[in-house]
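Remarks on the overall topology
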Amino acid sequence: MDLMVEDLAAIDEQLSGRHIDLDPSGYFIIYLDREAKLIYAKHFTNVIDERGLAVDPETGKVIPARGKVERTHTTVFSARTAKELCVKIFEETQPCPVSLLDHAAYLGREFVRAEVALVTGQEYVQD
C-alpha cells in the first residue's frame, strides 16, 4: 500500500483531534531559535483538576490551550537535534518532567518536527 503525503497528513490530522489525558507533571512550549540553530522546550508545571483541566498551581486558574498565557516556566531545555533534546529531558533530568508515556511520545514527535523545520527553513507550529 503506497501512502501519499496527503494520506499521511490526513491520518496525522485525524489523530491530532483525539482525546489525551494531560500530564500532571506539566507541559512544554516548543520553539526554534534559527540564529542559534537550536530547538527550545520550556517546561511549565500544572495541576490537573477534577474536570481533567490543567490549572496554574499558584492561582488555580484554568490554563487555556490556545492563546497567550503569562506564566513563568520552571526550566528551559535547548538542543541542536531532537535526539539531543530527548536525552537532556528524559535521561539527564531527575526527576523527569514527564510522567506519561503518551506525553513522552508526543514530545519526541514534536521535537523531530521542530528539527526538520529548523534544517529545512520551514515554519514550525507546535501541534
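Below is a summary of the structure that appears in this document. (Residues numbered from 1 in each chain as written. Predicted model: local features only at pLDDT ≥ 70, side-chain atom pairs only at ≥ 80, totals over all residues. Heavy atoms only, no water.)

Here we come to the overall build of the protein. When you go through the protein residue by residue, the secondary structure sums to 3 helices and 5 strands. Traced from its N-terminal end to its C-terminal end, the protein shows the element sequence α-β-β-β-β-β-α-α. On the principal axes, the C-alpha backbone points of the protein span a range of 45 × 35 × 30 Å. Taking all 127 residues of the protein together, 29% fall into the buried category. Taking the intrachain contacts of the protein between residues at least 6 apart in sequence as the baseline, contacts between residues at least 24 apart amount to 52%. Entry remark: accessible area of the protein is about 8,900 Å², with carbon and sulfur atoms responsible for 55%. (Helix = DSSP H or I, 4+ residues; strand = E, 2+ residues; numbered from the N terminus. Buried < 20%, exposed > 50% of the residue type's maximum accessible area, 1.4 Å probe, protein only. Contact = heavy atoms within 4.5 Å. Areas by Shrake-Rupley, 256 points an atom, 1.4 Å probe, with all protein chains shown as cover.)

An α-helical segment advances 3.6 residues per turn. Residues three or four places apart therefore align on the same side. If you check which residues of helix α2 (residues 82-91) are buried, you get A82, L85, C86 and I89. Each buried residue of α2 sits inside an arc of 100° when the element is viewed along its axis, so together they form one side. Among the exposed residues of α2, those pointing more than 90 degrees away from its buried face are K83 and E91. Taken together, the buried residues of α2 touch β1 (27-33), β2 (38-44), β5 (75-79) and α3 (101-120). (Arc of directions from axis to C-beta.)

The next thing to look at is the environment of F77. Within the secondary structure, F77 sits in strand β5. For F77, a relative accessible area of 8% puts it in the buried group. Put simply, F77 and I89 are 12 residues apart on the chain and 7.4 Å apart in space, counted from C-alpha to C-alpha. Sequence-distant contacts of F77, that is, excluding residues within four places in its chain, are made with F28, I39, Y40, A41, H43, L85, K88, I89, T93 and P97.

Spatial ordering of the open sheet is given by β1-β2-β5, a layout of 3 strands whose pairing is antiparallel. Lying at the two open borders of the sheet, with one neighbouring strand each, are β1 and β5. The average undirected angle you get between the axes of adjacent strands in this sheet is 20°. When β1 meets β2, the two strands line up antiparallel, connected through 7 bridges. Bridged to Y27 within β2 is F44. (Pairing = 2+ DSSP bridges. Axes fitted to C-alpha atoms, helices over the stretch in contact; angles between N-to-C directions.)

On to the pairing of β2. Look at any regular strand and the pattern is simple: side chains alternate between the two faces of the sheet. Taken across its 7 residues, β2 has 6 buried, putting it largely inside the fold. Linking two consecutive strands that pair antiparallel, namely β1 and β2, is a turn of 4 residues; a positive phi of about 60° is found at K37 within it. Of the pairings in the sheet, the one linking β2 to β5 comprises 5 bridges and is antiparallel in character. Paired with I39 across the two strands is A79, which belongs to β5.

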